[in-house]
Structures are given as C-alpha cells and as structure tokens.
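# Chains, contacts and geometry: an overview
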Amino acid sequence: MVQVDGQETKVAARLTHKVFFERDDIEFTFQWLLSFVHCGGVAQGEVFKLARNIDPGSLTSWKTEFEKEAVKIEATAERCLKKGHLISAGEAFIRAHSYYRAAFYGAFPGEPDFVRYHGKSVECFRKALDAKSEQIPHEWVDVEYKGYKFPGCFLKAEHGNAPKPTIIFHNGGETHKEDTYFLGGQAAIDRGYNALIVDLPYDVCVRFYEPEATARNFPREELHNVYRATTDFVLARPDVDPERLVVSGMSYGGAKTMVHASCDDRFAAAVPNSPVYSMASFIERGMPSFLRGTAEEAAEQSKKMPYTGQVLFAGSAWSHGFDSIAEWYPVAREAIEVDPKDVKCPLLSMYSEAEHPEMQRQAIDTYEKAPNEKNAIFKGTEEDGADLHCQLNNLPLSYQVMFDWLDEVLDYNIQLPVAQ
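Everything in this summary refers to the structure shown in the same document. Because the structure is predicted, anything quoted here is derived from the model rather than measured. (Residues numbered from 1 in each chain as written. Predicted model: local features only at pLDDT ≥ 70, side-chain atom pairs only at ≥ 80, totals over all residues. Heavy atoms only, no water.)

In this section: the pairing of strand E7 (residues 240-250). The element E7 is largely enclosed, with a buried count of nine among its 11 residues. Of the pairings in the sheet, the one linking strand E5 (residues 164-170) to E7 comprises six bridges and is parallel in character. Looking at the pairing, Ile168 lines up with Val247 of E7. Direction of pairing for E7 relative to strand E8 (residues 269-273): parallel, over a ladder of five bridges. Bridging across to E8, Gly249 finds its partner in Pro272. Crossover E7 to E8 through helix H9 (residues 252-263) is right-handed. (Buried < 20%, exposed > 50% of the residue type's maximum accessible area, 1.4 Å probe, protein only. Helix = DSSP H or I, 4+ residues; strand = E, 2+ residues; numbered from the N terminus. Pairing = 2+ DSSP bridges. Right-handed = clockwise from strand over helix to strand, strands pointing away.)

Pasting the structure below:
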C-alpha cells in the first residue's frame, strides 16, 4: 500500500496472502513467478534461494540476483545441448528464460538492461522450445499487417496437419508472448488444442520488433483490423478447425479478448480472465490519482510508488507510445471500450476474489449482459487457493475450469472420438 495524492492506493488489488515478501508489489511478482512451476518454468528451490538473497528495498538487488541465476542456468543448458541432452537442455533453457524475464521486471524503458533482458529471455525461450520440438511441436511465425510483422509462435497440438481447435491468446499488461506459454499455451496443447502466442499492438513487447506499432498508430479501428488480420492468419492454416476457434487472455489480455470477440464474429468461444470491457472505467476507479493534473504531474505521482509499480506503469506507458498513464487514458477510453452485448459467441467470464472491485464488477456485468445462453462464470476463491489475480496461485484449477467448459461448448475431447 502506498500513499499517492493523499489516498492509499495499491499498484493493483491482486493478492490476499503473502508467501515470502512483505511488500505487496514484490510479493505479487514473486507469486506470479512461482506460478510457472506447474510447467517447468522455474524450480522451487532456485526461486526461494533467490528470494532469500534479494534485498526487497533494492531494485539493483532484484535484477542482479535473477540475472546471475539466469546466466548460470543458461550455461548449464548450453552444456546439455552440446552433449545432445535435448530434454535437459530444453528444461534448463526455459528456466533461464524465466529468470531473465524476472530480471526484466526491474528494468525501466530506455535502460540498457531493458533491451538486454528482453533479448536474452526471448533467445532462451526459443532455444527451449526448439530443443523440445519432438515433445512440443511448434512453428515460429509472423502475423503481417500493412507492412508490420508481429512475431509469434504457433504451438501445435500434434505433429501433422489434422484440423484442431485453436486458441488465439492475448497478452496481459505485463505479459510477453513467452509468458503466455505458461499462462495457457502449454495447457492448450496438453488438451489437444493449438495455440497462437504473439506480440501485437498494445502488448508490452511489440515495440522491440515494430517500434511504430503503438496505440498512437493503432486507434480503435486499426486495432480491430490487426486483430481480424490475426484471425485471418490462423484460419488460413490447414491444421486449424475453423468451427472451433477460441480467443482468450488474462488480465489486460481479458480486455483485449473482449475487443477481439466483439469486432470479429468468427469465434466459437471466448474466455476473458477477467473480462474488462471498459479500460477507462477501470483507470478512473482503480487509479484515479494518475488522471489528476498534467501528464508531468501524473508521471511524478508514479515516482511515489514502490519500484516495481514504477516499472509497471513506465513499461505500460512506453508500450502504448506515451510517457504516462494520463496520456494513454483518452486512447483507452476510445479503443478498449466494448458493449458486452456485442460478444455473441459463448463466453466464460473468469475472475478472482482478490481482484480490484471494478474488475469484479465488470466480470459479473459481462456475464449478465453478454447474450449467449451457453455463457458461464467462474470466481477463483481463497477456499480453493485460487484468489490471486487471474487465479495465478492455482493455474491447474483455472485451466481445468476453462478447458472443461471449452470441451463441452465445442463438443471436443481428445480422449474421445470428435464426432459424438
């Protein structure tokens, strides 16, 4: 909790209980990283060792400890790869990726570390999947739109081109496409679904690849167009079942899911977690201090926050092409604004009880207003160990709910014949 403009404000109301750190901002990041354990993204012993070594009051300490571990694990991965131990190499590379990725949490736009950590995390992720290509069929792809190339990875349910249900995953406000492998991609291919993970406009990493692909150049209609172009790209593939196409995303990805599902009628289902249909309303009710005064004054407000909060808001503003949340707000009010009634396909509204009250309100509102009779709603609770933002503290439960619902709505189950 931090005092900003005379009012107590959290970076976001995203967690209830602490595992290691007393500070909410660092603790949420730590629990987010722990969620990667479920598919080998981190090792529990390595993460807790790092936590013990980190000075929670030092931005340098956070970055330095995670980078040291990343370098060590990456060296192990390279040795395994050289000796032909592909599975061991893949497992080590994926952990090295996660530790470089965690170090990125401590870097501000414009700093050398900001570019370096991102580049190393992407490099290690790519080597991890390539080393395990027999177990994780995949293709490195680009979604093209008006000369822009948006990089992604198409995760395949199996080798071959038999048409499969396919999910387009949108990234959250802090999420890179590589994170989305842990936050849905692996769960999808485990259940016989293809998955596209990709960096698109409004995503935090797209400017590393396309510096001009910002919200300044992608207002509402252009954002709709690039989302539809992404659907076109997926549907052009022979291994995609056009009758079982899904769109999903966590956190800010839930808002992007609502936009995509409302402007494109080719989806058989949508799973926003959680479904923010009005980003302007969320900013107004969840971060009002950052809308007061000039853009310069708003930037000064963010400097009063803990360092991970400063990094979060600086990165979010940078990714959209602005210097502050106050500058981004008018664009969000125009571009990330959806009438839930315009999402016609079946929709599963997912949220958690530790979410900001405005996120909870919009999740319930979406479920009640979206018109499809197959709609469903799920709330992650403390009782189920799933109360953290987007159920990050219990992803297996989150995916059980999501994919069981999808299997039933799409009439699909890889354990049974497709035609029932």
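Moving on to the environment of Pro330. One can find Pro330 in helix H13 (residues 325-335). Take Pro330: its relative accessible area is 38%, and that puts it in the partly exposed class. Separated by 115 residues in the primary sequence, Pro330 and Ala215 have C-alpha atoms spaced 11 Å apart.

This brings us to the pairing of strand E6 (residues 194-198). Most of E6 sits inside the fold, with five of its five residues counted as buried. Burial of the side chains of E6 extends over both faces: Asn194, Leu196 and Val198 are buried on one face and Ala195 and Ile197 on the other. Where E5 lies against E6, four bridges are found, and the strand directions are parallel. Looking across to E6, one finds that Thr166 is bridged to Asn194. One crossover worth recording links E5 to the parallel E6 by way of helix H6 (residues 177-190), and it is right-handed.

Contact geometry of helix H4 (residues 86-104) with H6 gives a least axis separation of 11 Å together with a crossing angle of 120°. Taken as axis vectors, H4 and H6 run oblique relative to one another. As H4 runs across H6, the sense of the crossing is left-handed. Two secondary-structure elements touch here, H4 through Ile94, His97, Ser98 and Arg101 and H6 through Glu178, Asp179, Tyr181 and Phe182. Of the residues assigned to the contact of H4 with H6, the class counts are three nonpolar, two polar and three charged. (Axes fitted to C-alpha atoms, helices over the stretch in contact; angles between N-to-C directions. Parallel < 35°, antiparallel > 145°, perpendicular 65-115°, else oblique. Left-handed = near helix turned anticlockwise from the far one by under 90°. Contact = heavy atoms within 4.5 Å. Nonpolar A, V, L, I, M, F, W, Y, C, P; charged D, E, K, R; others polar.)

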